[in-house]
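Residue-level structural notes
In case you want the letters, here they are:
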Amino acid sequence: MLPAVIVALMLISFTRGENPAIQVILTRKGLQYGKHLGAGWVQEKLEHITLPDFSGEVLAIHYILTGITITKCDFPEPIVEFNPNNTGFTTSISGLSVALTGGWMTHFGLIHDGGSFKMAIFGLDVTSVVELGKDPDGHLSVTSVSCDAQIGDVDIRFEGGASWIFQPFVEHFKGRIRGEIRSKICPNVEESIVSLEYHLQAMEVSIQVDEDLVLNIPLTGVPVIHASRMILGLKGEFYDMKTRKRPPFEAQNFTVPEQPDYMLSMGLSEFTVNSASYALYSGGRLQVLINDSMIPPYIHVRLNTSSMGPYVPQLPKMFPGLLMNLQVYASEVPMFSFQPGVVKLELAGAVKASAIEPNGTQIPLFKLNVDLKFDGKVWVAAGRLKGSMALQNLTLTLAGSEVGHFETDTLESLLKMGVMAGLAKLNVELGKGVVLPRMRNAQLVNTVLGVEEGFIAMCSDAEVFTDSFN
């Protein structure tokens with residue numbers, strides 16, 4: 001039971017054999033925290049369960065022990081360790097003592113009787129080894145490798161009825177009952193592991209972000225177990241549901257630094273965010289058509305040929321008094337790169353300008369290429385993920401024109417002012433941040449985030465709400 005609880009707690013933390021783009025690491029500190037929670041949960045549950053009836057025959061006396069309820073459980077601190085040899089965990093409980101009550105019924109020939117009993121089990125030792133793996137669909141799998149249970153002693157006190165007749169036979173009952181209890185411990189442990197395996201198989205290995213965008217997070221290989229930590233590698237690839245195109249780049253191998261002072265560590269490679277960019281780009285979602293109605297009233301430059309005259313002198317002469325629209329789109333896949341302390345973004349875009357005749361006919365005017373470079377920072381403060389962005393470079397060039405050549409310097413300055421104004425508003429929101437993801441049963445605390453070469457590393461402790469298990 002306890003190994004299953006620990007694996008479940010750890011999971012509340014996410015093919016073709018490629019490098020994982022996301023790594024999740026459970027440290028020994030996290031394992032021990034899970035052990036502590038699991039032990040408390042198991043003890044609480046044990047005190048509220050009713051055990052199945054026991055029946056048998058000793059010296060021609062047929063007996064039934066029924067309504068067996070645990071009244072007290074002295075649950076010692078279990079020992080839970082990573083087991084590299086079996087790619088899993090080893091859990092040991094030594095010296096568990098349990099007090100039980102229930103009813104007894106016997107018949108011996110024509111004698112039928114019944115009453116109550118009190119039972120104490122001393123020195124219960126259980127050792128369980130579980131193995132973690134990966135199924136063909138990328139789910140985490142868990143199987144029982146071995147289980148051993150031993151019981152030191154059992155004491156029974158019959159009360160009521162003709163218990164004074166049967167009490168002398170306690171020594172005969174004890175051996176049988178001890179064997180019955182011992183025989184049921186490991187099957188129950190293994191049943192709980194099978195139940196956990198069933199739930200693992202039902203877990204989704206992809207996340208539907210929106211109608212078209214999906215994040216694929218199956219395991220890329222079996223868990224890697226060391227003496228001090230466990231590493232899960234996840235695919236971490238976005239794709240567009242309509243095109244289902246794979247990005248023309250692969251996830252690169254990376255190593256998250258070991259952080260034994262934290263319960264959990266996670267590494268997110270730049271492949272994951274770039275696969276999102278590629279999915280949006282290949283799905284045709286990185287484009288927008290801008291018309292004059294979308295320009296805020298306080299902006300003095302309007303989208304018409306007259307207002308654009310200072311920037312493209314030919315327009316008012318060739319197409320006087322016409323509205324315009326701008327088709328803005330990414331001409332290449334926007335690419336992120338993670339470097340120590342900074343996130344860089346390079347974006348190549350284009351703008352196609354058209355004039356609109358009164359009858360709705362669109363007249364191509366010119367095309368501009370726009371190249372932008374941004375630097376960004378991300379950090380965690382007060383339980384919120386925060387960030388900032390700064391423009392490093394903006395270049396505007398004329399790629400083609402139906403109205404003749406014109407200089408783009410003034411348009412570039414205008415665009416740069418617009419981008420800077422947009423960044424100022426964006427940075428206000430990024431500075432406020434967003435609350436770190438929180439699950440129904442747990443939240444991250446003491447979280448530290450840093451940008452490394454090729455990946456973002458996050459270390460954190462976790463706080464699990466034990467009342468959620470009730």
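Residues numbered from 1 in each chain as written. Predicted model: local features only at pLDDT ≥ 70, side-chain atom pairs only at ≥ 80, totals over all residues. Heavy atoms only, no water.

Convention followed: UniProt positions are given in the numbering used here, feature names are shortened, and annotations may be inferred rather than shown by experiment.
With an unreviewed UniProt entry as reference, the protein is termed Bactericidal permeability-increasing protein, source organism Pogonophryne albipinna. The Subunit (unreviewed entry) comment attached to the protein in UniProt states, word for word, "Monomer. Homodimer; disulfide-linked." In its Sequence similarities (unreviewed entry) section, UniProt records this for the protein: "Belongs to the BPI/LBP/Plunc superfamily. BPI/LBP family."

1. Notes on helix α7 (residues 409-432)
For the record, the criterion: Strands are runs of DSSP state E lasting at least 2 residues, helices are runs of H or I lasting at least 4, and numbering of each runs from the N terminus. One less than the residue count of a helix, multiplied by 1.5 Å, gives the span that helix is expected to have. Buried means the residue's accessible area, taken with a 1.4 Å probe over protein chains only, is under 20% of the maximum for its type, while exposed means over 50%, and partly exposed covers the values in between. Residue contacts are defined here by distance: any two heavy atoms, one from each residue, within 4.5 Å place the two residues in contact.
Taking 1.5 Å of rise per residue, 24 residues should cover 34 Å, and α7 covers 35 Å from first to last C-alpha, within 8% of that figure. L411, V419 and L423 are the residues of α7 that are buried. Structurally, α7 contributes buried residues whose contacts are with β19 (362-381) and β20 (384-401). Immediately beyond the C-terminal end of α7, within one or two residues, lies G433, with a positive phi of roughly 75 degrees.

2. Re the sheet that holds strand β10 (residues 213-216)
Inclusion rule: At least two DSSP bridges between two strands are required for those strands to pair. To obtain each axis, a line is fitted to C-alpha atoms, and for helices this fit is confined to the stretch in contact; angles are then taken between N-to-C directions over 0 to 180 degrees.
In space, the three strands of this open sheet follow the order β9-β10-β13, with antiparallel pairing throughout. In this open sheet, the two strands that pair with only one neighbour each are β9 (206-208) and β13 (237-240). The sheet shows a mean angle of 25 degrees between the axes of neighbouring strands, taken without regard to direction. Of the pairings in the sheet, the one linking β10 to β13 comprises four bridges and is antiparallel in character. Counterpart to V214 in the pairing with β13 is Y239.

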